[in-house]
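# Descriptive analysis of the structure
Chain by chain, the residues:
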Amino acid sequence: MAFTLRSVKVPPNSVSLEEARHRTFDFFRAACRSIPSVMEIYNLHDVTTVSQLRSTIASEIRKNAHITNPKVIDMLLFKGMEELNNITEHAKQRHHIIGQYVVGNQGLVQDFGTKDQGISNFLKNFYNSNYF
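Everything numeric in this text was worked out from a predicted model, so none of it was measured.

## Regarding the pattern of salt bridges
Applying the stated criterion to the full structure yields seven salt bridges. Here arginine 29 ties to aspartate 26 by a salt bridge, and the two come within 2.8 Å at their closest N and O atoms. Here aspartate 26 and arginine 29 lie together in helix H2 (residues 17–42), a separation of three residues that amounts to about one turn. In this structure arginine 29 comes out as partly exposed when scored by relative accessible area, which is 40%.

This is how it looks when you write it as structure tokens:
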């Protein structure tokens, strides 16, 4: 799968917003088609499902839905394609994939029980905002 993704390049400029939108959908389809191989490469079957990864990809794309400049969209598509190439060529380790796309910013367990009683609000906010 990595060899087929190398041939897919984002052209430098989209002529219109409609063309950039079409390229975004093409990138989403390519990313969704690579999910099964990514699940096999990184052995993610015990952590997540294909549909959860697909929804994560969709939410990452939707974060930039407000952008209307085709050149900015092309730049984001190029960055997304580079990220997809790095993942499919196994340039990342398993914990990188789990931390970025499975767990996200929320953390594995959101247990705010008795262990947080003695911590100040500053430290709680710090721990919540600096997951990376």
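## Things to note about the layout of surface pockets
As a volume, the largest pocket reaches approximately 1,000 Å³. What lines the largest pocket is a set of 30 residues, among which Phe27, Ile57, Glu60, Ile61 and Arg62 lie closest to the centre. Elements supplying a minimum of two residues to the lining of the largest pocket: H2, helix H3 (50–62), helix H4 (70–88) and helix H5 (94–103). Among the elements that take part in the lining of the largest pocket, H2 stands out by supplying 10 residues, more than any other. Classifying every residue of the lining of the largest pocket by side-chain character gives 20 nonpolar, four polar and six charged.

## Re unusual backbone geometry
Not every positive phi belongs to a glycine, and asparagine 43 is a case in point at roughly 55 degrees. Tracing the backbone shows asparagine 43 in the loop between H2 and H3. With phi around 60 degrees, histidine 90 is a residue other than glycine that occupies positive phi space. Position of histidine 90 relative to the elements: it lies in the loop between H4 and H5.

## Considering a nonpolar patch on the surface
On the surface, a cluster of nonpolar side chains totalling about 440 Å² of accessible area is made up of Phe122, Leu123, Phe126 and Tyr127. Along the chain, tyrosine 127 turns up in helix H6 (residues 121–129).

## Comments concerning the nonpolar core
By size, the foremost hydrophobic cluster in this structure holds 19 residues, and its most contacted members are Tyr42 and Leu44. Secondary-structure elements contributing two or more residues to this core are H2, H3, H4 and H5. The greatest single-element share of this core, amounting to seven residues, is contributed by H2. Excluding anything up to four places from it in sequence, tyrosine 42 contacts Asn86, Ile87, His90, Ala91, Lys92, Gln93, Arg94 and Ile97.

The rules behind the values
- Residues numbered from 1 in each chain as written.
- Predicted model: local features only at pLDDT ≥ 70, side-chain atom pairs only at ≥ 80, totals over all residues.
- Heavy atoms only, no water.
- Salt bridge = Lys/Arg side-chain N within 4 Å of Asp/Glu carboxyl O.
- Helix = DSSP H or I, 4+ residues; strand = E, 2+ residues; numbered from the N terminus.
- Buried < 20%, exposed > 50% of the residue type's maximum accessible area, 1.4 Å probe, protein only.
- 1 Å grid on protein atoms, 1.4 Å probe; cavity = no way out; pocket = protein on both sides within 12 Å on 5 of 7 lines; lining within 4 Å.
- Points joined across faces, edges and corners; volume = space filled by probe spheres on them.
- Nonpolar A, V, L, I, M, F, W, Y, C, P; charged D, E, K, R; others polar.
- Patch = residues over 30% accessible without salt bridge, like charges linked within 9 Å, V, L, I, M, F, W, Y side chains within 5 Å.
- Areas by Shrake-Rupley, 256 points an atom, 1.4 Å probe, with all protein chains shown as cover.
- Core = buried A, V, L, I, M, F, W, Y, C linked by side-chain atoms within 4.5 Å.
- Contact = heavy atoms within 4.5 Å.

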